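Examination of the molecular architecture
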Amino acid sequence: MESTARTQAARAGTSVWRRILDSPMTKVLTRRLGTSIVLMFVVPALSFVLLAVTPGDPARALVGIEASQAQYEQARAALGLDEPLPVQYWTWLSKALQGDLGSSLFTKQPVTDAIGARLGVTASLIVGALVISVLLGVTLGVISAVRGGAVGRVVDTVAVAAFSIPSFWLGTILVVVFAVGLRWFPATGYVDLGESPGGWLASLVLPVAALATGGVAALTKQTRESMLDALGSEHIRMAWSTGIAPSSIVFRHALRNASLPVVTVLGWLVVSLLGGTVLVESVFSLPGLGGLAVSSATQHDVPMVQGVVLSFSIIVVVVNMVVDLLYTLLDPRVRTS
């Protein structure tokens, strides 16, 4: 009997693992991980090549224009720039796979330390802008679709106008109005959360507003169109005829169906926000990864640029994986496939 019990337990365990491996979630994770591995190799390689063909010479910048040819050649050898480009990339990649991203060519600061010191600033901007974009964008989109008429046209017009406004230009306007004119918020700088929660929040209001405007506009348009399609579907019209409460129809049925296209926009939105941080951080003088990327690219600081690119790639991979999982949870057709 003991042997039979062991056999049944082994079969049960095998059955559980088979269900896990065959589940839609596992298939989504496996597919995304395969794509992510390729992406993590391709993107740093492309950035490495782009840096190599961009005008500029870090060795010359390091030794100065008055240095002798021998000093210049010595600096190139010390930086590994005298090696062929594939060899340079392989040297960087082999160390990166071991967790060593190198040090800045100019400041000698470890890349991981520089990224760790600035990651919180960029993460605060992206998370804040994403939360504002989702809350305002979905709310305005639902109101526009449900109310329709003049309200819908106004919301739609404002969303189109907001989507066309560059974040750096809007950031400059916000500084002039709310920092210089009204003096409600600081014009530049960043306050650490541990140092002063109130100061941290105040330093983020204007840059987050500038960064989130385009996201709010995009999600408003997408939510409105998805809600109009959902409200016009056959089963929603049937729900209206059965006397179900309007709020239940809008939020429990229509919004759930409309959420699928909205969720797919989130991956694009995070990538857009990552690009926007480069400009917004420059406008508000924030010590984030965007500013680090700009300054490092200007100096041809290859290890620092590669570290920032790798960090951005990881963020994009993680966000896209979360979006895929959310889509799988929301769409019953995927779960049952």
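Just above, that's the structure.
Below or above, wherever it landed, is the structure these notes cover. (Residues numbered from 1 in each chain as written. Predicted model: local features only at pLDDT ≥ 70, side-chain atom pairs only at ≥ 80, totals over all residues. Heavy atoms only, no water.)

**Some remarks on the nonpolar core**
Defined as follows: Take the buried residues of types Ala, Val, Leu, Ile, Met, Phe, Trp, Tyr and Cys, join any two whose side-chain atoms come within 4.5 Å, and each joined set is a nonpolar core. Accessibility here uses a 1.4 Å probe with only protein chains present; expressed as a share of the type maximum, an area under 20% marks a residue as buried, one over 50% as exposed, and anything in between as partly exposed. Strands are runs of DSSP state E lasting at least 2 residues, helices are runs of H or I lasting at least 4, and numbering of each runs from the N terminus. The contact criterion used is simple: two residues touch if any of their non-hydrogen atoms lie within 4.5 Å.
Counting residues in hydrophobic clusters, the biggest one holds 53 residues, and the most contacted among them are Trp-92, Leu-101 and Phe-284. Counting residues per element, the ones that place at least two in this core are helix 2 (24-53), helix 5 (85-96), helix 6 (111-147), helix 8 (167-181), helix 9 (197-231), helix 11 (246-283), helix 12 (289-299) and helix 13 (302-330). Beyond its immediate stretch of four places on either side in the chain, Trp-92 contacts Pro-44, Phe-48, Leu-101 and Gln-306.

**Quick look at helix 5**
As a reminder of what qualifies: Here the expected span of a helix is defined as 1.5 Å times the quantity of residues minus one. Within this analysis, the arc is defined by the directions that extend from the helix axis to the C-beta atoms.
Along its 12 residues, helix 5 runs 16 Å from first to last C-alpha, staying within 8% of the 16 Å computed at 1.5 Å per residue. Burial in helix 5 covers these residues: Gln-88, Tyr-89, Trp-92, Leu-93 and Ala-96. Projected onto a plane normal to the axis of helix 5, the buried residues spread over an arc of 125° and lie on a single side. Opposite the packed face of helix 5, turned more than 90 degrees from it, sit the exposed residues Pro-86 and Trp-90.

**Some words on the packing of helix 6 against helix 12**
Stated precisely, the cut-off is as follows: As a rule, the C-alpha atoms of each element are fitted with a line to give its axis, helices using only the stretch in contact, and angles between N-to-C directions run from 0 to 180 degrees. Just so you know how the angles are binned, under 35 degrees is roughly parallel, over 145 roughly antiparallel, 65 to 115 roughly perpendicular, and the rest oblique. Residue polarity follows a fixed list, in which Ala, Val, Leu, Ile, Met, Phe, Trp, Tyr, Cys and Pro are nonpolar, Asp, Glu, Lys and Arg are charged, and the others, Gly among them, are polar.
The contact between helix 6 and helix 12 brings their axes to 8 Å, and the two run at 130°. When the axes of helix 6 and helix 12 are compared, the pair comes out oblique. The residues of helix 12 that touch helix 6, namely those facing Ala-114, Ile-115, Arg-118, Leu-119 and Thr-122, are Leu-289, Gly-290, Gly-291 and Leu-292. Taken together, the residues that form the contact of helix 6 with helix 12 break down as 5 nonpolar, 3 polar and 1 charged.

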